[in-house]
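Commentary on secondary and tertiary structure
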Amino acid sequence: MVEKSNLVLACALLLLISGINGEDPYRFFTWKVTYGDIFPMGVKQQGILINGQFPGPQINCVTNDNLIISVYNYLNEPFLLSWNGLQHRRNSWQDGTYGTTCPIPPGKNFTYMLQAKDQIGSFFYFPSLGMQKAAGGYGGIKIYSRPRIPVPFPFPSGDHTVLAGDWYKKGHQRLRHILDMGKSISNPDGLIINGRGWNGYTFDVEQGKTYRFRISNVGLQTSLNFRIQGHKMKLVEVEGSHTVQNTYDSLDLHVGQSTSVLVTANQPVKDYYVVVSSRFTRHVLTTTAVLHYKNSRTGVSGPPPGGPTTQIAWSLMQARTLRWNLTASGPRPNPQGSYHYGLIKPSRTIILSNSAPWINGKQRYAVNGVSFIPGDTPLKLADYFNIGGVFSVGSIPDKSYNGNNAYLATSVMHADFRSFVEIVFQNWEDTVQSWHIDGYSFFVVGMDGGQWTSASRKRYNLRDTVARSTVQVYPKAWTAIYIALDNVGMWNIRSENWVRQYLGQQFYLRVYSPAHSWRDELPIPKNALLCGRAKGRHTRPL
């Protein structure tokens, strides 16, 4: 009897221990996507709301948390969410772009199963179909470090999310129709901060305390400058990387980029402007929010502080000051600098150039002379079910093309799993480009004006450049990155300028492993939506 009791006690202890040290925590979300009236520019518009909110609900989680997000689509059109910066380790099934995932049909739902695997930092989610991003539907993502992992700054007194971007008074369906006709949608009507216009949003602070501001450029096509009247900003994180803690008066953020700064409320008790203005535009657009000190009885007054007066040179110089904090821990306890990216020789160089060709009488955008058009079936599903004719690997060259001739194709580039690759973004146009790679962080080793050549490598930063997932390329300039292709899947490489993305400046990178092992890539989810020529087929369970 005693032995039986001891056995029961031992089993109970074992279950308790396994529960404490077992699977990573789960966080569950239920989101209802609807249309609703919004007034970001003082004019009533039809927006896309999540649980009645614009912006949508904040996702707060901790490194390695499992996120179960059930999305119910109450729109009259298909809907799809993507996760800007979440790397989806071994799981491009959840990436949320049309090349990997079927959209959620009207009146239906889909449950995303994500994991913040080995990640920290500031990110956001957004609608990825058509021009739905122009109607809202986006929100912030905060991934906190695990309690046992030291963070290289004192825990702040508050944590504010800033979702800033350009905005159009035209509805997203009207914008899409204009683009489909081959016309330009012209310049945005203004800028907004957290869904609101001039002085429409307030950030509360208390004198003497320090606050973290997580800033994301969630707009369609405009680079922004961010600043806070009378306050300095200490940079601490860029898209999941702790940085050298330089201090700035203002920061440039290009489309799709996110960053974190610490701001100490060390000024007299009153209200101050939080300012966002457009960069590299003919007419400067500006909007403001309010930094409100507790017990302040003095509102903002006068003109908001101006931004940088110089253009490309100032922004390029600032970009070069972003550095990795080599001694800080990342998602793991080992220092970020323990990964010596500069000692690895790339096995392949890919050169990507953007262009703005006219094809069949309509404005398009292209990468290496290929303007992307979606297949009739998501590429990931076509690859999994061996459905021919949807795409062909190698339909986009990996060498730069400098010209206006281009053709339409469902472009996919092959890459080998576990290869280490150099990618050069070459920009021959007069506009600032912003590039994003889903599923990865990469090292921004160099950027400069003119044409990239092999001699440009002499100017690379091979010691402490920042790792991120979105990077700018200045006009008639280049940016080079190193990337370890350690994440099997079908991954979108795109312009974060959403007009250019919609009209073809994107393609998919098929990172392939012949092993077909679940250690390399998770199997197709049991709840995967099947559409196009994959409709009616059967998935194997998780």
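Starting afresh in each chain, residues are numbered from 1 along the sequence in its written order. Side-chain atom pairs in this predicted model are given and counted only at pLDDT of 80 or more, local residue features only at pLDDT of at least 70, and totals for whole chains, interfaces and linings cover all residues. In computing side-chain properties, one takes all heavy atoms of the structure into account and sets aside hydrogens as well as water.

1. Comments concerning helix 2 (residues 172-180)
Burial here depends on accessible area, computed with a 1.4 Å probe over protein chains only, as a share of the maximum for the residue type. Under 20% is buried, over 50% is exposed, and the range in between is partly exposed. What counts as a helix is a DSSP run of H or I of at least four residues, what counts as a strand is a run of E of at least two, and both are numbered from the N terminus. Among the residues of helix 2, those classed as buried are His-172, Leu-175, Ile-178 and Leu-179. All buried residues of helix 2 lie within an arc of 120° about the axis, which places them on one face of the element. Whether two residues touch is decided by their heavy atoms; if any such pair falls within 4.5 Å, the residues are in contact. Residues of helix 2 that are buried sit in contact with strand 1 (26-38), strand 2 (45-50) and helix 5 (498-502). Just downstream of helix 2, Gly-182 is the residue with a positive phi angle, here 85°. Here, the arc refers to the directions that run from the helix axis to the C-beta atoms.

2. Thoughts on the state of the cysteines
Cysteine sulfur atoms are paired as a disulfide whenever they fall within 2.5 Å. All chains considered together, the criterion is met by one disulfide. The side chain of Cys-102 participates in a disulfide bridge whose partner is Cys-531; the two sulfur atoms lie 2.1 Å from each other. Judged by the torsion about the S-S bond (-90°), the Cys-102/Cys-531 disulfide is left-handed. In this pair, Cys-102 sits in the loop between strand 5 (81-84) and strand 6 (109-115) while Cys-531 sits in the segment after strand 36 (506-512), placing the two residues 429 residues apart along the sequence. Side by side, Cys-102 and Cys-531 carry an identical accessibility label, which is buried.

3. A word on the sheet that holds strand 19 (residues 271-279)
Strands pair, by our definition, only if DSSP identifies at least two bridges between them. The strand order across the open sheet formed by five strands is 11-20-19-13-17, and the pairing between neighbours is mixed. Across the chains shown, the open sheet's two edge strands, defined by having one partner strand only, are strand 11 (202-205) and strand 17 (250-253). Sheet twist, expressed as the mean angle between neighbouring strand axes with direction ignored, is 20°. Pairing of strand 13 (residues 223-228) with strand 17 involves four bridges; the strand directions are antiparallel. Working convention: axes come from line fits to C-alpha atoms, limited for helices to the stretch in contact. Angles between N-to-C directions cover 0 to 180 degrees.

4. Re the layout of surface pockets
Rolled over the atoms, a probe sized like a water molecule indicates the empty space that remains. Whether a set of points on the 1 Å grid over the protein atoms alone is a cavity depends on a 1.4 Å probe fitting there but being unable to get out, while an open set qualifies as a pocket with protein on both sides within 12 Å along at least five of seven lines; lining residues are those with an atom within 4 Å of a point. Grid points are joined across faces, edges and corners, and a volume is the space filled by probe spheres set on the points. If you add up the space inside the largest pocket, you get close to 1,300 Å³. In terms of lining, the largest pocket is formed by 47 residues, of which the most central are Gln-87, Arg-89, Lys-117, Asp-118 and Gln-119. Put simply, the parts of the chain that give the lining of the largest pocket at least two residues each are strand 4 (66-73), strand 6, strand 31 (442-449) and strand 34 (477-484). Among the elements that make up the lining of the largest pocket, the one with the highest residue count is strand 6 (three residues).

5. Remarks on unusual backbone geometry
With an omega of -10°, the peptide bond running from Phe-54 to Pro-55 counts as cis. Tracing the backbone through its elements, the reader meets Pro-55 in the loop between strand 2 and strand 3 (59-62). Positive phi, normally seen in glycine, also occurs at His-88, with a value near 50°. By relative accessible area, which is 3% here, His-88 ends up buried. Positive phi, normally seen in glycine, also occurs at Asn-386, with a value near 55°. Mapped onto the secondary structure, Asn-386 falls in the loop between helix 4 (379-384) and strand 26 (392-393).

6. Notes on the sheet that holds strand 26
Strand order in the open sheet made by the six strands is 26-28-36-35-30-33, with mixed pairing throughout. The strands lining the two open edges of the sheet, one partner per strand, are strand 26 and strand 33 (470-473).

7. Looking at the nonpolar core
For our purposes a nonpolar core is just a set of buried Ala, Val, Leu, Ile, Met, Phe, Trp, Tyr and Cys residues, chained together by side-chain atoms within 4.5 Å. Membership of the largest hydrophobic core comes to 42 residues, with the highest contact counts inside it found for Phe-203, Phe-213, Phe-226, Val-261, Leu-291 and Tyr-460. When residues no more than four places from it in sequence are discounted, the contact partners of Phe-213 are His-160, Val-162, Phe-203, Ile-228, Thr-259, Ser-260, Val-261, Val-263 and Leu-291. Judged by nonpolar contacts, the second largest core, of 33 residues, contains Ile-350, Ile-423, Ile-483 and Phe-507.

8. Things to note about the pairing of strand 21 (residues 348-355)
Judged by how many residues are buried, strand 21 sits mostly within the fold: seven of eight residues are covered. One ladder, built from seven bridges, connects strand 21 with strand 29 (residues 420-427); its direction is parallel. The residue of strand 29 that forms the bridge with Ile-351 is Val-424. With two bridges joining them, strand 21 and strand 24 (residues 366-367) adopt antiparallel strand pairing. Its bridge partner lying in strand 24, Asn-354 is registered against Val-367.

9. Points about the side chain of Asn-354
Mapped onto the elements, Asn-354 comes out in strand 21. Judged by its relative accessible area of 3%, Asn-354 is buried. We define a polar contact as two N or O atoms separated by no more than 3.5 Å, with the added condition that, inside protein, one atom must be a possible hydrogen donor and the other a possible acceptor, whereas residues neighbouring each other in sequence contribute only through side-chain atom pairs. A polar contact of 3.0 Å, which involves the side chain of Asn-354, links it to the side chain of Asn-427. Among the polar contacts made by the side chain of Asn-354, one reaches the side chain of Glu-429 at a distance of 2.8 Å. Not counting residues within four places of it along the chain, the set of residues in contact with Asn-354 comprises Ala-366, Gln-426, Asn-427, Glu-429, Gln-433, Trp-435, Arg-500 and Gln-505.

10. Here we look at the pattern of salt bridges
One side chain can pair with another of opposite charge once the charged atoms of both are near each other. Put simply, a salt bridge is a Lys or Arg side-chain nitrogen that is within 4 Å of an Asp or Glu carboxyl oxygen. Taken as a whole, this structure holds 25 salt bridges when the rule is applied. With a shortest N-O distance of 2.4 Å, Glu-521 and Lys-380 are connected by a salt bridge. Taken together, the positions of Glu-521 in the segment after strand 36 and Lys-380 in helix 4 put the pair 141 residues apart, joining distant regions of the chain. Assessed through its relative accessible area of 17%, Glu-521 is described here as buried.

11. A few points about the packing of aromatic side chains
Aromatic pairs are defined between Phe, Tyr and Trp rings, using the six-membered ring for Trp, whenever the two ring centres lie within 6.5 Å; interplanar angles under 30 degrees are classed as stacked, those over 60 as edge-to-face, and all others as tilted. According to the stated counting rule, one finds 26 aromatic pairs in the structure shown. Note on Trp-31 and Tyr-125: the rings are 4.7 Å apart at their centroids and 35° apart in plane angle, and the pair reads as tilted. Of the two residues, Trp-31 is situated in strand 1 and Tyr-125 in strand 7 (residues 121-127); the sequence distance between them amounts to 94 residues. For the pair Trp-31 and Tyr-125, one class covers both residues: buried. Centre to centre, the rings of Tyr-460 and Tyr-482 are 5.9 Å apart; their planes meet at 80°, and the pair counts as edge-to-face. Here Tyr-460 is found in the loop between strand 31 and strand 32 (467-468), whereas its partner Tyr-482 is found in strand 34, with 22 residues between them in sequence. Judged by its relative accessible area of 9%, Tyr-460 falls in the buried class. One aromatic cluster is present, built from ring pairs that chain together Phe-29, Trp-31, Trp-83, Phe-110, Tyr-112 and Tyr-125. Here Lys-133 stacks its cationic end above the ring of Phe-126, 5.0 Å away from the centre of that ring. For a Lys NZ or an Arg CZ to count as sitting over a ring, it must be within 6 Å of the ring centre and within 35 degrees of the ring normal.

Scope: geometric values only; no functional claims are made or implied.
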